[in-house]
Amino acid sequence: GTLIWHVAETSPDSTEQAVLAVDDATLTLYATLFTGSDWHDGGAGEYKNLGTVSTVSSRCFGAAYETDSGQLLIVASDSAAANQIKYWVWDRGSSSWVINGSTYTFDSGTVIDNSINWVEMASNPASNQIALMVLDADADAAALIWDGDTNSWGNAKKLNSSSLPTATEEPIAVQYMQWGTNAGKAVFAWAETNDIYSWTWTGSAWAASAGSKVDVAGTSIMWLRIAADPNSDDLLLAMEDASNDIFTLDWNGSSWGTSRTISTAAYGDNAYNAPFDVIFESGARAGYAMIVYQDTSYAEYRTTADISVAWGAETRQNSFYDFFWIDLARGADNSILLAGQDVSQTASPYYDYLMGYK
């Protein structure tokens, strides 16, 4: 079949990349590791077969590297049980899969009682802890914390008070704050209709209650993307609602700020694609944030030196781009890399572009 729902993660020392993709015909998930010159499965082969997942209609798998150890954690829905995940741990030091397809079952208290549709993961910047957020097929969200020192899961938590607006799109996001007073705390964010809710993991315990920001979008929120500032405890949430409008919402380390409208004409169909991403810059432009998005005419971007105030004016890229999907990453030289999938030139095949910004 066709490989879809690609995930790419880079090790903390930038010497290894892990790529995941699923075969849409067989629902088989594959992993491969890149070490600068070749692709491998941890042995002599080129890729590792991780078995079947529960769906290919959504991205029900993810990966993250532990910051201190550099070990890779992979998590995927388990087709054998509705409320279960499978997970793997790759250790470069021993060149082995130290965990090779173990399972974890969500208990009834987390309300994860259906097949898992979405997986989001984030790495603690100062430890081997990894935050996991999942959304199941009947729109319930839950959290887990991975302890890389003991290779174990704990601190499971039910997050939402009512069903999320969708389980076929991705109205969830999680990220650790990277620096400053709140470094090492993780924010789990999700949508309920057009409101944003969040629960903070302090690094050792859950906050006493959830936070919220109401009426951040015009209609129900379908997609979330989140970015962390590498030089502060600021976070930035970008979202698309059911009216194809794109918004941002800033986090100052302890609370949500102001919802700001970015575009009222996101390209494509919110039921199928998310044509936007958000990121913080580094180097000489540390503290600046950027959002890149595709509207019905152009690929656009905006920047701001302060996420608590208004965004700068739109800057347009060449008009022949029609990106259904956009992904951003920070380069080691402080550049911003954009990968986008374009379908405007012909119905088939799909065109992919890679652009740089510095």
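About the criteria used
Residues numbered from 1 in each chain as written. Predicted model: local features only at pLDDT ≥ 70, side-chain atom pairs only at ≥ 80, totals over all residues. Heavy atoms only, no water. Salt bridge = Lys/Arg side-chain N within 4 Å of Asp/Glu carboxyl O. Helix = DSSP H or I, 4+ residues; strand = E, 2+ residues; numbered from the N terminus. pLDDT = per-residue confidence, 0-100. Contact = heavy atoms within 4.5 Å. Phe/Tyr/Trp six-rings, centres within 6.5 Å; stacked < 30°, edge-to-face > 60°. Buried < 20%, exposed > 50% of the residue type's maximum accessible area, 1.4 Å probe, protein only.

## Some words on the pattern of salt bridges
Okay, so step 1: Scanning the model with the defined rule gives nine salt bridges in all.
Okay, so step 2: Measuring nitrogen to oxygen at the nearest pair gives 2.7 Å for the salt bridge that ties aspartate 327 to arginine 225. Taken as a pair, aspartate 327 in strand β26 (residues 323–330) and arginine 225 in strand β18 (residues 221–228) lie far apart in primary sequence, 102 residues in all.
Okay, so step 3: Among the charged side chains, a network of salt bridges with common partners joins Asp13, Glu16 and Arg92.

## Let's talk about the confidence of the model for the chain
Okay, so step 1: With 95% of its residues at a pLDDT of 70 or more, the chain shows a mean pLDDT of 94.
Okay, so step 2: Segment residues 346–351 is flagged for pLDDT under 50; beyond a separation of four residues in sequence, or across chains, it makes eight contacts in the model.

## What to know about the packing of aromatic side chains
The description of an aromatic ring pair uses the distance of the two centres, along with the angle that the planes make with each other.
Okay, so step 1: This structure, assessed with the given rule, holds 17 aromatic pairs.
Okay, so step 2: Judged by centre distance (5.3 Å) and plane angle (85 degrees), the ring pair of tyrosine 30 and tyrosine 47 falls under edge-to-face. Here tyrosine 47 lies in the loop between β4 (39–40) and β5 (48–52) and tyrosine 30 lies in strand β3 (residues 28–34), a separation of 17 residues in the sequence.
Okay, so step 3: Its relative accessible area of 22% is what places tyrosine 30 among the partly exposed residues.

## Examining the environment of alanine 284
Okay, so step 1: As for its placement among the helices and strands, alanine 284 is situated in the loop between β22 (276–280) and β23 (289–294).
Okay, so step 2: Under the relative-accessibility criterion, alanine 284 is labelled exposed at 86%.
Okay, so step 3: Along the backbone, alanine 284 and asparagine 334 are 50 residues apart, and their C-alpha atoms lie at a distance of 8.3 Å.

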